[in-house]
Amino acid sequence: MDNLSDTLKKLKITAVDRTDDSLEGCLDCLLQALAQNNMETSEKIQGSGILQLFASLLVPQSSCTAKVANIIAEIAKNEFMRIPCVDAGLISPLVQLLNSKDQEVLLQTGRALGNICYDSHSLQAQLINMGVIPTLVKLLGIHCQNAALTEMCLVAFGNLAELESSKEQFASTNIAEELVKLFKKQIDHDKREMVFEVLAPLAENDAIKLQLVEAGLVECLLEIVQQKVDSDKEEDIAELKTASDLMVLLLLGDESMQKLFEGGKGNVFQRVLSWIPSNNHQLQLAGALAIANFARNDGNCIHMVDNGIVEKLMDLLDRHVEDGNVTVQHAALSALRNLAIPVINKAKMLSAGVTEAVLKFLKSEMPPVQFKLLGTLRMLIDAQAEAAEQLGKNVKLVERLVEWCEAKDHAGVMGESNRLLSALIRHSKSKDVIKTIVQSGGIKHLVTMATSEHVIMQNEALVALALIAALELGTAEKDLESAKLVQILHTLLADERSAPEIKYNSMVLICALMGSESLHKEVQDLAFLDVVSKLRSHENKSVAQQASLTEQRLAVES
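Because the structure is predicted, anything quoted here is derived from the model rather than measured. (Residues numbered from 1 in each chain as written. Predicted model: local features only at pLDDT ≥ 70, side-chain atom pairs only at ≥ 80, totals over all residues. Heavy atoms only, no water.)

(A) Structural detail: the overall build of the protein. A count of helices and strands for the protein gives 37 helices and zero strands. Here the C-alpha atoms of the protein give a radius of gyration of 34 Å, more than 25% beyond the 24 Å that 2.2 N^0.38 yields for 558 residues. For the protein, buried positions account for 55% of its 558 residues. When contacts within the protein are restricted to residue pairs at least 6 apart in sequence, long-range pairs at least 24 apart make up 71% of them. Here the protein has roughly 25000 Å² of accessible surface; of this, 50% comes from carbon and sulfur atoms. (Helix = DSSP H or I, 4+ residues; strand = E, 2+ residues; numbered from the N terminus. Rg over C-alpha atoms; globule rule 2.2 N^0.38 Å. Buried < 20%, exposed > 50% of the residue type's maximum accessible area, 1.4 Å probe, protein only. Contact = heavy atoms within 4.5 Å. Areas by Shrake-Rupley, 256 points an atom, 1.4 Å probe, with all protein chains shown as cover.)

Shown next as structure tokens:
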């Protein structure tokens, strides 16, 4: 290592004199020393103060530039050397060198920048601000025959694409076109894997999704699926998953999804349909998720339901009832839930037997499946009185809902169970449904739901409770009392933050509760008149009118 000290001293002199031959000799010695013991050599370099000189050696026209960049790349493999490299002002001259025509200089420069900025979001953001993304994309296009340079660009893209700030810059280049071109040329699994690793984070951006679709990525992905679907090889199974996952990701953008749907006639849509009856779980999953993504507007949903998609999804669910694949169950239920949103589809899906197919999963212990099952049923019964009554009289279902209303660990399941309980009453307006819910202990949950932080849920609860009070007050009286409904209504009316519709429906409910002697007494004891009379001057006309009516009712009854 004494030789190293001599080399460093000599390098200081030659770096100033710029005698290229001696300089080159010194740089070769340094590279050799780094190859033998990188960490120790790096420490010596840092201690010698020579890093500051490197910035002046990074010039395009020098024959030593590639070696200097190579040394920087090597020392920056050590975490402790990265900040000193930044402090020595190396980033700016390195970024300038990305405009070089020399492939070796480009390669070593890319390595140096990559290693200095490794794992540092702030340094990577600095590179993005310095405009490296368009430069690197251009390099990929020019030097696509150079495997080492291509790999360097891909590694850089992979790191930079993780930063949100990079996406806009990437979207303004022709990165999609270049990556798809590169992807088509790769025969080797590992090389394709590298391209995939860049495509996945980039495809999270909607503008880039569309560019990738237009550049023909989907056709490449479908081809991979076709090639790998019957293979047992581990790497083929992994690639099939990556390709089908990426396909689903592309469908998350509204424009890219609509472009691929092509009015339901598109080749891509047809191919994805064929995945659903497949025997491959990964393809079944991707197929169901793709349908859920296509089902993001009414037009697509109506077209798909008219063309038999519901039967395909029900067949798929049937194959996963006993010890089924949870992710496939979740995806198929997501698709059915989305398809049930347009009013015109509800009756068709009900008569196709979707509720029966969905109820088979009532025994599932998996919260994601429970959540989608509840959402699907709630969508199906919206304004469908007969279906709501049928489900609301199903004791097994109502008991399960009441149980899930207490699923404190799973807020989504808890919220959806409450909303479905309320929906069964609101859409059926049936005495039998109310009796079933009272007998199963569901009233207390509806009362609690009226205190939810979400106005929409509060409202749904209050409307359901008003129907209970109007249709079956005697049956529900005790439960309403023990759930402290009257106190809750008083709080809602007194709270200035309560939304107008909450105040309005609370007063409607107060009037409906007057038919019960015990609840009437509670209303009188709580001095509701004071709170209600204040609301007569409320800025919302409906609230003010309802306050006048409620005040009269309270005055007459007192």
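(B) Representation of the nonpolar core. In terms of nonpolar packing, the biggest core is built from 202 residues, with Phe 54 and Ile 291 touching the most fellow members. Per-element accounting of this core gives the leading share, twelve residues, to helix H32 (residues 455-482). Ignoring anything within four residues of it in the chain, the contact list for Phe 54 reads Leu 11, Leu 30, Val 68, Ile 71, Ile 72 and Leu 90. (Core = buried A, V, L, I, M, F, W, Y, C linked by side-chain atoms within 4.5 Å.)

(C) Representation of the packing of aromatic side chains within the structure. The tally for this structure, following the rule as stated, stands at five aromatic pairs. For the pair Phe 261 and Phe 294, a centre-to-centre distance of 5.4 Å together with 45° between the ring planes defines the contact as tilted. Placement of Phe 261 in helix H18 (residues 254-261) and of Phe 294 in helix H20 (residues 281-294) is noted, with a sequence separation of 33 residues between them. Taken as a pair, Phe 261 and Phe 294 share a single burial class, namely buried. Ring centres of Phe 269 and Phe 294 lie 5.2 Å apart, and the angle between their planes is 90°; this geometry places the pair in the edge-to-face category. Placement of Phe 269 in helix H19 (residues 267-275) and of Phe 294 in helix H20 is noted, with a sequence separation of 25 residues between them. Classification of Phe 294 as buried rests on a relative accessible area of 0%. (Phe/Tyr/Trp six-rings, centres within 6.5 Å; stacked < 30°, edge-to-face > 60°.)

(D) Layout of the environment of Glu 406. For Glu 406, the location among the structural elements is in the loop between helix H28 (395-404) and helix H29 (411-428). When the C-alpha atoms of Glu 406 and Asn 418 are compared, they prove to be 9.5 Å apart, with twelve residues separating the residues in sequence. A polar atom in the side chain of Glu 406 sits 3.3 Å from the side chain of His 445. (Polar contact = N/O pair within 3.5 Å; in protein donor to acceptor, adjacent residues only side chain to side chain.)

(E) Region of interest: the UniProt feature "repeat: ARM" (unreviewed entry) in the protein. Under the local residue numbering, the UniProt record ascribes the feature "repeat: ARM" (unreviewed entry) to residues 89-131 and 308-340. With 70% helix and 0% strand, the stretch residues 89-131 has end C-alpha atoms that lie 17 Å from each other. Across residues 308-340, helical content stands at 73% and strand content at 0%; the span's end C-alpha atoms are separated by 14 Å. (UniProt positions renumbered as here; feature names shortened; annotations may be inferred.)

(F) Focus on the side chain of His 445. For His 445, the location among the structural elements is in helix H31 (residues 443-449). Exposure remark for His 445: the relative accessible area of 8% places this residue in the buried category. In this structure His 445 touches Val 402, Cys 405, Glu 406 and Asn 418, once residues within four positions along its chain are discounted.

(G) Region of the structure containing the pattern of salt bridges. Counting across every chain of the model gives 25 salt bridges. As a salt-bridge pair, Lys 393 and Glu 389 come within 3.6 Å of each other at their nearest N and O atoms. Judged by relative accessible area, Lys 393 falls into the partly exposed class, the value being 40%. Judged by its relative accessible area of 26%, Glu 389 falls in the partly exposed class. Across the salt bridge formed by Arg 426 and Glu 460, the nearest N and O atoms sit 4.0 Å from each other. (Salt bridge = Lys/Arg side-chain N within 4 Å of Asp/Glu carboxyl O.)

(H) Main features of the packing of helix H14 (residues 189-202) against helix H17 (residues 234-250). For the pair H14 and H17, interaxial distance at closest approach is 11 Å and the crossing angle is 25°. In terms of orientation, H14 and H17 fall into the roughly parallel class. The handedness of the crossing between H14 and H17 comes out as left-handed. Within the contact between the two elements, H14 uses His 189, Arg 192, Phe 196, Leu 199 and Ala 200 and H17 uses Glu 235, Glu 239, Thr 242, Ala 243, Leu 246 and Leu 249. When its residues are assigned to classes, the contact of H14 with H17 shows six nonpolar, two polar and three charged. (Axes fitted to C-alpha atoms, helices over the stretch in contact; angles between N-to-C directions. Parallel < 35°, antiparallel > 145°, perpendicular 65-115°, else oblique. Left-handed = near helix turned anticlockwise from the far one by under 90°. Nonpolar A, V, L, I, M, F, W, Y, C, P; charged D, E, K, R; others polar.)

(I) Here's a closer look at helix H15 (residues 206-214). Residues of H15 that are buried: Ile 208, Lys 209, Leu 210, Leu 212 and Val 213. On the buried face of H15, the contacting elements are helix H12 (164-171), helix H13 (175-185), H14, helix H16 (217-228), H17 and H18. With a side-chain oxygen positioned 2.9 Å from the backbone nitrogen of Ala 207, the residue opening H15 is Asn 205. Where H15 terminates, the next one or two residues include Gly 216, which has phi positive at roughly 90°.

(J) Fine view of the packing of H13 against H14. Axis separation between H13 and H14 bottoms out at 10 Å; the angle between their running directions is 155°. If you check the angle between H13 and H14, you find them roughly antiparallel. Two packed elements cross with a definite hand, and for H13 against H14 that hand is left-handed. Side by side, H13 and H14 meet where Ile 175, Leu 179, Leu 182 and Phe 183 of the first sit next to Arg 192, Val 195, Phe 196, Val 198, Leu 199 and Leu 202 of the second. Per-class residue counts for the contact of H13 with H14 are nine nonpolar, no polar and one charged.

(K) Main features of unusual backbone geometry. Positive phi, normally seen in glycine, also occurs at Asp 119, with a value near 65°. Inspection of the secondary structure puts Asp 119 in the loop between helix H8 (103-116) and helix H9 (121-129). The backbone of Ala 383 shows a phi angle near 65°, a positive value even though the residue is not glycine. Mapped onto the elements of the fold, Ala 383 is located in the loop between helix H26 (367-381) and helix H27 (385-392).

(L) Representation of helix H22 (residues 309-318). Restricting attention to buried positions, one finds in H22 the residues Ile 309, Val 310, Leu 313, Met 314, Leu 316 and Leu 317. Looking straight down H22, one finds that the buried residues subtend no more than 160° of arc, so they occupy a single side. On its buried side, H22 packs onto H19, H20, helix H21 (298-306), helix H23 (326-339), helix H24 (343-351) and helix H25 (354-359). (Arc of directions from axis to C-beta.)

(M) Local environment of the state of the cysteines. Applying the stated criterion across every chain yields a total of zero disulfides. Cys 144 takes part in no disulfide bond, and the closest cysteine sulfur, belonging to Cys 153, lies 10 Å away. Among the residues examined, Cys 144 registers a relative accessible area of 25% and is labelled partly exposed. (Disulfide = S-S within 2.5 Å.)

(N) The environment of Asp 409, seen in detail. Tracing the backbone through its elements, the reader meets Asp 409 in the loop between H28 and H29. Taking the C-alpha atoms as reference points, Asp 409 and Pro 367, 42 residues apart in sequence, are found 9.6 Å from one another.

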